[in-house]
Amino acid sequence: MKLIASLIFILCYSITIGYSSDNGYSREISYTYLIKGGTVIDGTGSKGFKADILIKDDHIKFIGKVDTGEIEIDRIIDATGKVVTPGFIDTHAHGNPLSTPGFPNFLSMGVTTINLGQDGSSPRVGDTKGWMKDVEEVRPGVNIIHFIGHGSIRRAAGVNERSNVTAEELQKMISYVEEALSAGSFGMSTGLEYIPGTFVGMEELVALTEPIGKKGGMVMSHIRNEDDSYIEESITELIEQGRRSATPIHISHIKIVYGNDETRVEEILDLLQDTRTNGQIVTADIYPYTASYTGIGIIFPDWAKAPFNYREVVTTRREELATYLRDRVAMRNGPEATLFGTQPYAGKTLAQVAKEKGKSFEDVLIDDIGPTGAGAAYFVMSEKVMARFLSNSNVMISSDGSPTMHHPRGYGSFAKIIRKYVVEEKLLTLEEAIHKMTGLPASTLGINKTRGYLKSDLAADLLIFDPVWVQDRADYENPHTLAEGFDYVMVNGQLVIDNGNFIHVGSGKMLKRQDN
């Protein structure tokens, strides 16, 4: 009787837990999806290989050869002739998930995870935990990563546009950083070319960064000046911040403004490699466009911006301001190279607006716009320089875009990488490009144990597509045109694009640093 009872127990136990087949998966478990017959490009940079993928709920469970006669599958997707890759990770993005939670612009170009809180600006400083809870409740279309913005920290502490801070104010700012880290933020972003970041000194930067390094976070920086003559100095400042605080550093949207000499790229890359050789972690991202996008204040001198009184400057120093603006715009390839992205001039160049108003472009800037009156795209970069940065193994991809920005990068960046730099120009292999958009950012951010690669037990964020058919449709005249060619996009095991059609939104998650 004891033998019979033991045999019954063993049989029941086997039925309950299932048992592994020779293929490596359990015969007793049913699966949500089988992606069959595709070429798997797993995010490591390694050559693609033929394999099937089994997905159970929101996780990948098996990659290899699957015998469909042994298991139950809710749905089979035929990926024959296509590639299967991890979902793309945008290391520098913008947007408000509480007002535009769907983010179809990112999903349509294969992006399943975005980093928000960039350039020193982030929401609800001091209540990051509450903001994250609100984001979870709206069920965003993509996964969200949070960085607390240094400029927002300054404003919340009442420091604003001052260089000197009191010990009490500094401690208050540190407490904001610590609250964000405790809530699950991945670190801090800085925007040192913008107000109030322009007023910060090294001691403040290090003091705010030290708790980030101790918690395993990182700093992402829009460096102080991206112009050709200042870029080394600005990068060196960031390197010093990272060295003194023992914190990994990351250069946002790396570029050389006015730089047309490719040898300059090698000098910058050598500086970064020397830093790595000395034991520091430093990475960068890039978007694949030769026009930047930011507020028109980038053209104005510091002495015409806060905390100075702009109207007083116009009254007392108008000629000096006009001369500065003429020279600055000329250096930035002229008024034809400034394309407004905000009303009432959206879609028009500064030259066109000046002609319509019958006045000089500097008078338009002074009288009709001012340092806070518009956002614009600026055609100030060299394609050859950008391509050289792009080919570097430590540079990943970002969009620096949003659902609302009047610039095609928010709708086309990742598709353009595949269309232009993989298929057409062959600057990158498909495997290299996928690594720059998946595994490299995942490892940089520290989320590689949960996503960024195609591997068993990782989150089922993945794409199915034929690279030849991927197209970025957005341009400067029609910047909000969705990308095409990503046939299937899956976020946490749920299809959001099914055979080219949007069918679902709301499967994204609020990712938290301590969960990865």
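Residues numbered from 1 in each chain as written. Predicted model: local features only at pLDDT ≥ 70, side-chain atom pairs only at ≥ 80, totals over all residues. Heavy atoms only, no water.

A.B. asks: Summarise the overall build of the chain; cite the residues concerned and give the values.
C.D. replies: Check the secondary structure of the chain and you find 15 helices and 21 strands. The C-alpha radius of gyration of the chain comes to 25 Å, within 12% of the 24 Å expected for a compact globule of 516 residues. Overall, the chain is about 105 × 50 × 45 Å in size when its C-alpha atoms are taken along their principal axes. A separation threshold of at least 6 residues defines the contact pool for the chain, and within that pool the share at least 24 residues apart is 75%. For the chain, the accessible surface area stands at approximately 21,000 Å², while carbon and sulfur atoms represent 51% of it. Of the side chains in the chain, 52 bear a positive and 67 a negative charge, and the two mean positions are spaced by 3 Å. (Helix = DSSP H or I, 4+ residues; strand = E, 2+ residues; numbered from the N terminus. Rg over C-alpha atoms; globule rule 2.2 N^0.38 Å. Contact = heavy atoms within 4.5 Å. Areas by Shrake-Rupley, 256 points an atom, 1.4 Å probe, with all protein chains shown as cover. Lys, Arg positive; Asp, Glu negative; His and termini not counted. Charge placed at Lys NZ, Arg CZ, Asp CG, Glu CD.)

A.B. asks: Provide a residue-level description of the sheet that holds strand E13 (residues 282-286), including the pertinent values.
C.D. replies: Here six strands make up an open sheet; going across it, the order is E9-E10-E11-E12-E13-E17 and the pairing parallel. Looking at which strands have only one partner, the edges of the open sheet turn out to be strand E9 (148-149) and strand E17 (395-397). One ladder, built from three bridges, connects strand E12 (residues 249-251) with E13; its direction is parallel. Opposite His250, over in E13, you have Thr283 as the bridge partner. On the sheet, helix H6 (residues 202-214) packs against strand E10 (187-191) and strand E11 (218-222) and is oriented at approximately 155° with respect to E10. (Pairing = 2+ DSSP bridges. Axes fitted to C-alpha atoms, helices over the stretch in contact; angles between N-to-C directions.)

A.B. asks: So, the sheet that holds strand E6 (residues 88-90): which residues are in play, and what are the values?
C.D. replies: Across the sheet, which stays open at both edges, the three strands sit in the order E6-E7-E8 with parallel pairing between neighbours. Bordering the open sheet on either side are E6 and strand E8 (143-146), each of which pairs with just one other strand. On average, adjacent strands in this sheet sit at an angle of 20° to one another, irrespective of strand direction.

A.B. asks: Lay out the packing of aromatic side chains in plain terms, naming residues and giving numbers.
C.D. replies: Going through the model one piece at a time under the given rule, you end up with eight aromatic pairs. Here the aromatic cluster, defined as three or more aromatic residues joined through ring pairs, consists of Phe88, Phe414, Phe465 and Phe486. A cation over a ring is seen here: Arg332 above Tyr378, with NZ or CZ 4.9 Å from the ring centre. Over the ring of Tyr287 we find Arg409; its NZ or CZ atom is 4.6 Å from the centre of that ring. (Phe/Tyr/Trp six-rings, centres within 6.5 Å; stacked < 30°, edge-to-face > 60°. Lys NZ or Arg CZ within 6 Å of the ring centre and 35° of its normal.)

A.B. asks: Tell me about helix H12 (residues 383-391), and name the residues and values.
C.D. replies: Taken as a whole, H12 has its buried residues at Val385, Met386, Ala387, Phe389 and Leu390. Among the structural elements, helix H8 (262-277), E13, E17, helix H13 (409-424) and helix H14 (430-437) are those in contact with the buried residues of H12. Backbone nitrogen of Lys384 and a side-chain oxygen of the N-cap are separated by 3.3 Å at the start of H12; the cap is Ser382. (Buried < 20%, exposed > 50% of the residue type's maximum accessible area, 1.4 Å probe, protein only. Polar contact = N/O pair within 3.5 Å; in protein donor to acceptor, adjacent residues only side chain to side chain.)

A.B. asks: Go over the pairing of E10 with me, naming the residues and quoting the values.
C.D. replies: With five of five residues buried, E10 lies mostly within the body of the structure. As paired strands, E9 and E10 are joined by two bridges and run parallel to one another. If you follow Ile148 over to E10, its bridge partner there is Met188. As paired strands, E10 and E11 are joined by five bridges and run parallel to one another. Of the residues in E11, the one forming a bridge with Met188 is Val219. Handedness of the crossover joining E10 and E11 through H6 is recorded here as right-handed. (Right-handed = clockwise from strand over helix to strand, strands pointing away.)

A.B. asks: For unusual backbone geometry, give the residues involved together with the corresponding values.
C.D. replies: Of note, the bond from Ile195 into Pro196 is cis; its omega dihedral lies within 30 degrees of zero at 5°. Secondary-structure assignment places Pro196 in the loop between E10 and H6. Looking along the chain, the bond that leaves Gln343 and enters Pro344 is cis, with omega of 10°. With respect to the helices and strands, Pro344 occurs in the loop between strand E15 (338-340) and helix H10 (350-357). A positive phi angle, close to 35°, is found at His253, a residue other than glycine. Along the polypeptide, His253 turns up in the loop between E12 and H8.

A.B. asks: Break down H10 for me, with residues and values.
C.D. replies: Along H10, the positions that sit buried rather than exposed are Leu350, Ala351, Val353 and Ala354. For H10, the angular spread of the buried residues around the axis is 165°, confining them to a single face. Opposite the buried face of H10, at more than 90 degrees from it, the exposed residues are Lys355 and Glu356. Its buried side turned inward, H10 meets helix H9 (310-331), E15 and helix H11 (361-369). (Arc of directions from axis to C-beta.)

A.B. asks: Before we move on, can you summarise the pattern of salt bridges with the specific residues and values?
C.D. replies: Scanning all chains against the criterion turns up 35 salt bridges. When salt bridges that share partners are traced, they join Asp228, Glu232, Arg264 and Glu267 into one network. (Salt bridge = Lys/Arg side-chain N within 4 Å of Asp/Glu carboxyl O.)

A.B. asks: Tell me what's going on with the pairing of strand E5 (residues 83-86), and back it up with residues and numbers.
C.D. replies: Relative to E5, strand E1 (residues 30-40) runs parallel, the two sharing two bridges. Pairing of Thr39 across the sheet is with Val83, part of E5. One ladder, built from four bridges, connects E5 with strand E18 (residues 462-465); its direction is antiparallel. Bridging from a neighbouring strand, Pro86 pairs with Leu462 of E18.

A.B. asks: Any details on the environment of Met202? Residues and values, ideally.
C.D. replies: Relative to the helices and strands, Met202 is located in helix H6. Spatially, the C-alpha atom of Met202 lies 9.6 Å from that of Arg244, the residues being 42 residues apart in sequence. Each residue touching Met202, except ones within four places of it in the same chain, is listed here: Glu237, Glu240, Gln241 and Arg244.

A.B. asks: Can you break down the confidence of the model for the chain residue by residue, with the values?
C.D. replies: Detailed conclusions should not be drawn from predicted coordinates in areas where pLDDT is low. Averaged over all residues, the pLDDT of the chain equals 93, while 95% of them reach at least 70. Ignoring residues within four places in sequence, the model shows residues 1-22, a span with pLDDT below 50, making eleven contacts including any to other chains. (pLDDT = per-residue confidence, 0-100.)

A.B. asks: Just give me the short version of the environment of Ala167, but keep the residues and values in it.
C.D. replies: Within the secondary structure, Ala167 is located in helix H5 (residues 167-183). Once the C-alpha coordinates of Ala167 and Trp469 are considered, the two residues, 302 residues apart in sequence, prove to be 57 Å apart.

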